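Here's the letter readout for the chains.
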Amino acid sequence: MIRVEHLTKRYGATTAIEDVSFEVPKGQVVGFLGPNGAGKSTTMRILTGSLGATEGRATVDGRDVFTDAREVKRRIGYLPEVPPLYPNMVVRDYVAFAGQLKGVKDPVAAAERAIARVGLAQVGHRIIEHLSKGYRQRVGLAQALVHDPEVLILDEPNSGLDPAQRVEIRDLLHDLVEDKRTIILSTHVLADIEAICRRVIIINKGRIVAEDDIERLGGEQRTVTVAVARPGDAAIAAMRAVEGVSAVVDEGEGRLRLTTDGDRREHVANAAAPFGLLELSGRARLEEIYLRLTMGATP
Amino acid sequence: MRNILAIARRELSAYFATPVGWLALSAFLLITGFFFAALVSLYSMQSAEQAFSPYGAPDMNLNEYLVAPFFGNTAIILLFIVPALTMRLFAEDRKTRALELLLTSPITTTEIVLGKFVGAMGFIAVMLACTLHYVGVLFYLGDPDVGVVASSYLAMFLLSGAFVSVGLVTSSFTENQVVSLVLGFGMLLLLWVLGWAESASTGLTAEVLGFASLINRMEDLTKGLIHTRDVAYYLSFISFFLFATHQRVEAFRWS
């Protein structure tokens, strides 16, 4: 459905993305991860036709995003990081206007459907600038959905929202996934990615550093941190002796960081008990992989 | 065409959704109303004086003494008001990031630019239509030439088109509406005073300045003389600045 081949974007001497290639099959929901400035938004903007590329090619449903931009734009719904809203417009009018621009035959009816889809029916008559940030994000989503696109590209739909609003947007994204659309979702909330996406693409410093199913990503390696009351060589040796532990690093103040092959927390806890186990934590799998790939090593 | 009209309708309604549009409309009507009243009273005073003149009463042409100066003043008011109307066209969209909606929709850059142009011209048409009652008063009390009045309105519309096209391009260069306003007004003022510089120059320079001046082209039109060269001048002027805006908007895809 979406194919990106050797995409490069340079701004003068600065390279935003370099040789980025990936594919997203029809109906798949993909998490697009990376630190700020890694090139996520640049890639998304190129796919949506609002930014040109220096080199490379991208197609959506077999159509080139540069030479067949109009057709590609008809198939894509895009929510940028800052929703593209006209603050002085009434929600209903704005979504209908977006529908008109996207070539919908009956923009008013399409707007009503999109507004209902994102749960905005009760504020449809209100002026956008009077809405909360969470509701504005929903208006942005309604704009992206108004023409019932096959592809949805969502750039940090939950950025800047409070926890309650985040939950609302996550629930909404859950619903959208059920529509069987092809979705590229960029967010810093890794828990959302784990909950919604099966596959992730991780980009760092303008290059793709990982692209796989979450389950397969990064092999079986995990990190466990233990804090013991009586640290020392004996404790370190005991940790090393646990089956599946490949490395132990003494972080000081009784904290030991273990690299394990698979989930070995129970064995580690048993081995650490004689030394006064105070704390044991294993990072969420995706977070661990993400940090390893984007920061060079697990901190 | 459908997309151009959709954008134009949105722009037009945006003027009425914010105080800027209403303020501009009120200021325009207040000032044109003042000038109209002043010109009518001056005209009637001068006609009365002429009527009692011992040297006879030459015919005081209504078109020359009232219609032409009224539209001359209206042009100056437009010079001040139009940059305030055009300052937000692209600057606001860039600041609120709403431009991204236009750039990612299946529409062309030409449609975006023309939509905004038509929207602003629609508001100016409303402004000019609001002055029709002044003309109605003239027709009720006197006998102005319909052709002169019609060509004067054409002149105002073409001149406004030129102002809007300059305002569009300056608005596309910044996210700050005040900067857009100052840039637009500065450029228009410069083009306006070229006509004055013409009288202080000689030879080819004077000819070039006279040709480029926005004001010189208007004079014949407000006298009821519609020359193809004047209409073509305004249309070329508008096309040039709309093309410049088009190129600027295209450049957003590369920045």
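Sequence order sets the numbering: in each chain, residues are counted from 1 along the sequence as written. All chains are assigned letters beginning at A, and all ligands numbers beginning at 1, according to the order in which they are written. Totals for whole chains, interfaces and linings use all residues, but because this is a predicted model, local features are given only for residues with pLDDT of at least 70 and pairs of side-chain atoms are given and counted only at 80 or more. Based on all heavy atoms of the structure, the side-chain values leave hydrogens and waters out of the count.

Brief notes about the pairing of strand β2 (residues 14–24) of chain A
Residue and element names in this part refer to chain A.
Thinking step 1. When strand β1 (residues 2–11) meets β2, the two strands line up antiparallel, connected through 7 bridges. Note on β2: the bridge partner recorded for Leu7 is Val20.
Thinking step 2. Linking β1 to β2, which pair antiparallel, is a turn of 2 residues; within it Gly12 sits at a positive phi near 60°. Following DSSP output, two strands are said to pair if at least two bridges run between them. The helix count covers DSSP runs of H or I at least four residues long, the strand count covers runs of E at least two residues long, and both are numbered beginning at the N terminus.

Regarding the interface of chain B and chain A
Thinking step 1. Contacts are assigned to residue pairs that have any heavy atoms within 4.5 Å of one another. At the junction of the two partners, chain B supplies 28 residues and chain A supplies 33 residues.
Thinking step 2. Considering only the side of chain B, the residues that lose the most area to chain A are Arg10, Leu101 and Pro106 of chain B, jointly responsible for 26% of the buried surface there.
Thinking step 3. For this analysis, a salt bridge means a side-chain nitrogen from Lys or Arg found within 4 Å of a carboxyl oxygen belonging to Asp or Glu. Linking chain B with chain A are 2 salt bridges.
Thinking step 4. With a shortest N-O distance of 3.2 Å, Glu100 of chain B and Arg45 of chain A are connected by a salt bridge.
Thinking step 5. Residues adjacent in sequence count toward polar contacts only when both atoms are side-chain atoms; beyond that, a polar contact is any pair of N or O atoms within 3.5 Å, and within protein one must be able to donate a hydrogen and the other to accept it. Across the contact surface, chain B and chain A share 9 residue pairs in polar contact (both at pLDDT 80 or more).
Thinking step 6. Put simply, the parts of the chain that give the side of chain B that touches chain A at least two residues each are α1 (2–17), α4 (88–96), α5 (99–103) and α6 (109–129) of chain B.
Thinking step 7. For the side of chain B that touches chain A, the element with the highest residue contribution is α1 of chain B, accounting for 7 residues.
Thinking step 8. Charged residues are taken to be Asp, Glu, Lys and Arg, nonpolar residues to be Ala, Val, Leu, Ile, Met, Phe, Trp, Tyr, Cys and Pro, and polar residues to be all remaining types, Gly included. Per-class residue counts for the side of chain B that touches chain A are 11 nonpolar, 7 polar and 10 charged. What gets called buried area is simply the loss in accessible area from a 1.4 Å probe that two parts show on being joined, summed for both.

Focus: the sheet that holds strand β5 (residues 63–64) of chain A
Residues and elements named next belong to chain A.
Thinking step 1. Strand order in the open sheet formed by 4 strands is β2-β1-β4-β5, with antiparallel pairing between adjacent strands. Edge positions in the sheet fall to β2 and β5, since each has one partner strand and no second.
Thinking step 2. When strand β4 (residues 55–60) meets β5, the two strands line up antiparallel, connected through 2 bridges. Across the sheet, Val60 pairs through a bridge with Arg63, a residue of β5.
Thinking step 3. Here the axes come from fitting lines to C-alpha atoms, over the contacting stretch only for helices, and the angles between their N-to-C directions go from 0 to 180 degrees. Lying on the sheet, helix α1 (residues 40–48) is in contact with β1, β2 and β4; it crosses β2 at an angle near 65°.

Describing the confidence of the model for chain B
Thinking step 1. One confidence number per residue, pLDDT, is output by the predictor and ranges from 0 to 100. When pLDDT is averaged along chain B, the result is 88, and 98% of the positions lie at 70 or above.
Thinking step 2. Under the prediction, the complex receives an ipTM of 0.85, its pTM being 0.83.

Notes on the side chain of Asp155 of chain A
Thinking step 1. Here Asp155 of chain A shows up in strand β7 (residues 151–155).
Thinking step 2. Buried means the residue's accessible area, taken with a 1.4 Å probe over protein chains only, is under 20% of the maximum for its type, while exposed means over 50%, and partly exposed covers the values in between. Positive charges are assigned to Lys and Arg, negative charges to Asp and Glu, while His and the chain termini are left out of the count. Despite its burial, Asp155 of chain A remains without a salt bridge, the nearest opposite charge being carried by Lys40 of chain A at 6.2 Å.

A look at the sheet that holds strand β13 (residues 255–261) of chain A
All names here are of chain A.
Thinking step 1. Spatially, the 4 strands line up as an open sheet ordered β12-β13-β11-β14, and their pairing is antiparallel. The open sheet has two edge strands, β12 (245–252) and β14 (277–282), and neither has a second partner. When the angles between neighbouring strand axes are averaged without regard to direction, this sheet yields 20°.
Thinking step 2. One ladder, built from 5 bridges, connects strand β11 (residues 221–228) with β14; its direction is antiparallel. Paired with Thr225 across the strands is Ser281, a residue of β14.
Thinking step 3. Together, β11, β12, β13 and β14 form the strand contacts of helix α9 (residues 265–272), whose direction differs from that of β14 by roughly 165°.

Looking at empty space enclosed by the protein
Thinking step 1. Only protein atoms enter the 1 Å grid used here, on which a cavity is any set of points holding a 1.4 Å probe that cannot leave and a pocket is any open set flanked by protein within 12 Å on both sides along at least five of seven lines; residues with an atom within 4 Å of a point are listed as lining. Grid points are joined across faces, edges and corners, and a volume is the space filled by probe spheres set on the points. Inspection of every chain in the model, using the stated rule, returns 2 cavities of 30 Å³ or more.
Thinking step 2. In this structure, the largest cavity occupies an estimated 40 Å³ of space.
Thinking step 3. Surrounding the largest cavity, Phe36, Val67, Phe70, Phe71, Tyr134, Val135, Leu138 and Val149 of chain B form its lining.
Thinking step 4. Residue assignment for the lining of the largest cavity shows that the elements contributing at least two residues are α3 (62–86) and α7 (132–141) of chain B.
Thinking step 5. Looking at the second largest cavity, its volume works out to about 30 Å³.
Thinking step 6. Contributing to the lining of the second largest cavity are Thr48, Ile76, Tyr78, Lys102 and Gln143 of chain A together with Thr104 of chain B.

Things to note about the pattern of salt bridges
Thinking step 1. With the rule as written, the count across this model stands at 29 salt bridges over all chains.
Thinking step 2. Of the charged contacts in the structure, one is a salt bridge between Glu55 of chain A and Arg10 of chain A, with a shortest N-O distance of 3.3 Å. Of the two residues, Glu55 of chain A sits in strand β4 while Arg10 of chain A sits in strand β1, which places them 45 residues apart along the sequence.
Thinking step 3. It is possible to trace a salt-bridge network through shared partners that takes in Arg10, Glu11, Arg88, Glu92, Asp93 and Lys116 of chain B.

Side note on the packing of helix α8 (residues 146–171) of chain B against helix α9 (residues 177–199) of chain B
All names here are of chain B.
Thinking step 1. Between α8 and α9, whose axes approach to 9 Å, the crossing angle comes to 135°. With respect to their mutual orientation, α8 and α9 come out oblique. In this structure, the crossing between α8 and α9 has a hand that is right-handed. In this structure, α8 contributes Leu159, Phe163, Val166, Thr170 and Ser171 to the contact, and α9 contributes Ser180, Leu183, Gly184, Met187, Leu188, Leu191 and Trp192.
Thinking step 2. Among the residues making up the contact of α8 with α9, the classes are represented as 8 nonpolar, 4 polar and no charged. Angles are sorted into four bins: roughly parallel if under 35 degrees, roughly antiparallel if over 145, roughly perpendicular if 65 to 115, and oblique for all others. Handedness of a helix crossing follows the sense of rotation of the near helix relative to the far helix, less than a right angle counterclockwise being left-handed and clockwise being right-handed.

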